[in-house]
Amino acid sequence: MRIGLLADIHANLAAFTAVLKDAEQRGGLDEYWFLGDIVNYGPDPVKCVELVLRLKNTSVSGNHDLAAAGKIPLKLFNPDAAAAMEWTTRQLNASDTAFLTGLSQVTVRDEFTLVHGSPRDPDWEYLVSKGQARECFGYFKTRYCLIGHSHEPLLFRQEEDGSVTYVNFTETNGQVVGKHRFILNPGSVGQPRDGDPRASYAVYDTQSRMIKLFRVPYDIGTTQLKMVKANLPMRLVARLEKGL
Ligand code: ZN
């Protein structure tokens, strides 16, 4: 079975559909695990939620999904994110909001714990350092953990002696799903922040027990034009082409 690992779509339909097409061309996917933040920032929240619902999905909530569902106050967001969220909540219909409201913050699938931020703080923690990872290995019971939120591909592996190694997780350097525990972030579909503007996702192949990262070019201009027309904050429009 081949499982797509997708995080931080952020209402970017052009990026989301480019990822699905890329996965199709690589042999297709049987399931999709979504690691939070389907909505906000981008111009297509409704279509992105509806596309997730059409796929065989296991989904956890991100902080932006919870805010769109009214579960997190807007004052906890920066002004651009809050302005985009006000627009987003106006677009969503009742069934979209009900789906987002019903998402859980933590879900276990097989040997994996799925969260958005970190297993210690699923809503807010940006898990980006070895020190954080070392502590966070104590906050989930499965062997492996999948995260999103920081919008960059990341991989932390726990060694036999308990020490934690940062592994450079790239398109040419996949991760074996074996004896080592790890925390892995497949990067962001809809708003990458690692300096590479291409959409990012990963595939877990349960036969080969490998997780591989893929980067997919998409029509950034289409997304940007829709954002301008929707009067979304210009900083959010500009950052897409920089991948920052
Ligand atoms: Zn996000």
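Residues numbered from 1 in each chain as written. Predicted model: local features only at pLDDT ≥ 70, side-chain atom pairs only at ≥ 80, totals over all residues. Heavy atoms only, no water.

Draft legend 1. How the structure looks around the pattern of salt bridges. Tallied over the full model, the rule gives 14 salt bridges. Between Glu 171 and Arg 198 there is a salt bridge; the shortest N-O distance is 3.2 Å. With Glu 171 in the loop between β8 (164–166) and β9 (175–176) and Arg 198 in the loop between β10 (181–186) and β11 (199–205), the pair connects residues that are 27 residues apart, well separated along the chain. Relative accessible area serves as the criterion here: at 40%, Glu 171 is assigned to the partly exposed category. (Salt bridge = Lys/Arg side-chain N within 4 Å of Asp/Glu carboxyl O. Helix = DSSP H or I, 4+ residues; strand = E, 2+ residues; numbered from the N terminus. Buried < 20%, exposed > 50% of the residue type's maximum accessible area, 1.4 Å probe, protein only.)

Draft legend 2. Broad picture of helix α8 (residues 234–242). Taken as a whole, α8 has its buried residues at Leu 236, Val 237, Arg 239 and Leu 240. For α8, the angular spread of the buried residues around the axis is 170 degrees, confining them to a single face. For α8, the secondary structure elements touched by its buried residues are α4 (79–91) and α7 (220–229). Note on α8: the residue one or two positions beyond its end, Gly 243, has a positive phi of about 65 degrees. (Arc of directions from axis to C-beta. Contact = heavy atoms within 4.5 Å.)

Draft legend 3. Quick peek at the coordination of the zinc ion. At this site the zinc ion is bound by Asp 8 (OD), His 10 (NE2), Asp 37 (OD) and His 151 (NE2), with donor distances of 2.1 to 2.3 Å. Coordination at the zinc ion comes from four donor atoms whose angles at the metal span 84 to 175 degrees, giving a geometry best classed as irregular. Relative accessible area serves as the criterion here: at 0%, Asp 8 is assigned to the buried category. (Donors = N, O, S within 2.8 Å, 3.2 Å for Na, K, Ca; no water. Tetrahedral: all angles 85-135°; square planar, octahedral: opposite > 155°, others 65-115°.)

Draft legend 4. Local environment of the sheet that holds β11. Spatial strand order, β3-β2-β1-β11-β12-β9: six strands in an open sheet with mixed pairing. Two strands close off the open sheet at either side, each with one partner strand: β3 (57–59) and β9. In terms of strand pairing, β9 meets strand β12 (residues 210–216) through two bridges, oriented antiparallel. Its bridge partner being in β12, Val 176 is matched across the sheet by Met 210. Across the sheet, helix α1 (residues 13–25) is in contact with β1 (2–6), β2 (31–34), β11 and β12; its angle to β11 comes to roughly 35 degrees. (Pairing = 2+ DSSP bridges. Axes fitted to C-alpha atoms, helices over the stretch in contact; angles between N-to-C directions.)

Draft legend 5. Quick look at the packing of α1 against helix α2 (residues 45–54). Between α1 and α2, the shortest axis-to-axis distance is 9 Å and the interhelical angle comes to 25 degrees. Viewed along their axes, α1 and α2 adopt a mutual orientation that is roughly parallel. Every residue of α2 that contacts α1 at Leu 13, Phe 16, Thr 17 and Leu 20 is listed here: Lys 47, Cys 48, Leu 51 and Val 52. In the contact of α1 with α2, the residues fall into six nonpolar, one polar and one charged. (Parallel < 35°, antiparallel > 145°, perpendicular 65-115°, else oblique. Nonpolar A, V, L, I, M, F, W, Y, C, P; charged D, E, K, R; others polar.)

Draft legend 6. Local environment of the packing of aromatic side chains. Here the structure, examined in full by the defined rule, presents 11 aromatic pairs. An angle of 40 degrees between the planes, with centres 5.8 Å apart, marks the rings of Phe 137 and Phe 140 as tilted. Comparing Phe 137 with Phe 140 shows no difference in burial state: the two are buried. Members of the aromatic cluster, each reached through a chain of ring pairs, are Trp 33, Phe 112, Tyr 144, Phe 182 and Tyr 204. (Phe/Tyr/Trp six-rings, centres within 6.5 Å; stacked < 30°, edge-to-face > 60°.)

Draft legend 7. Spotlight on the sheet that holds β10. Strand order in the open sheet formed by six strands is β4-β5-β6-β10-β7-β8, with mixed pairing between adjacent strands. Two strands bound the open sheet, and with one partner strand each, they are β4 (107–109) and β8. On average, each strand axis in the sheet is tilted by 20 degrees relative to the strand beside it, whichever way the strands run. For strand β5 (residues 112–114) and strand β6 (residues 144–146), the ladder comprises three bridges, and the chain directions are parallel. In the strand pairing of β6, Thr 113 is matched with Cys 145.

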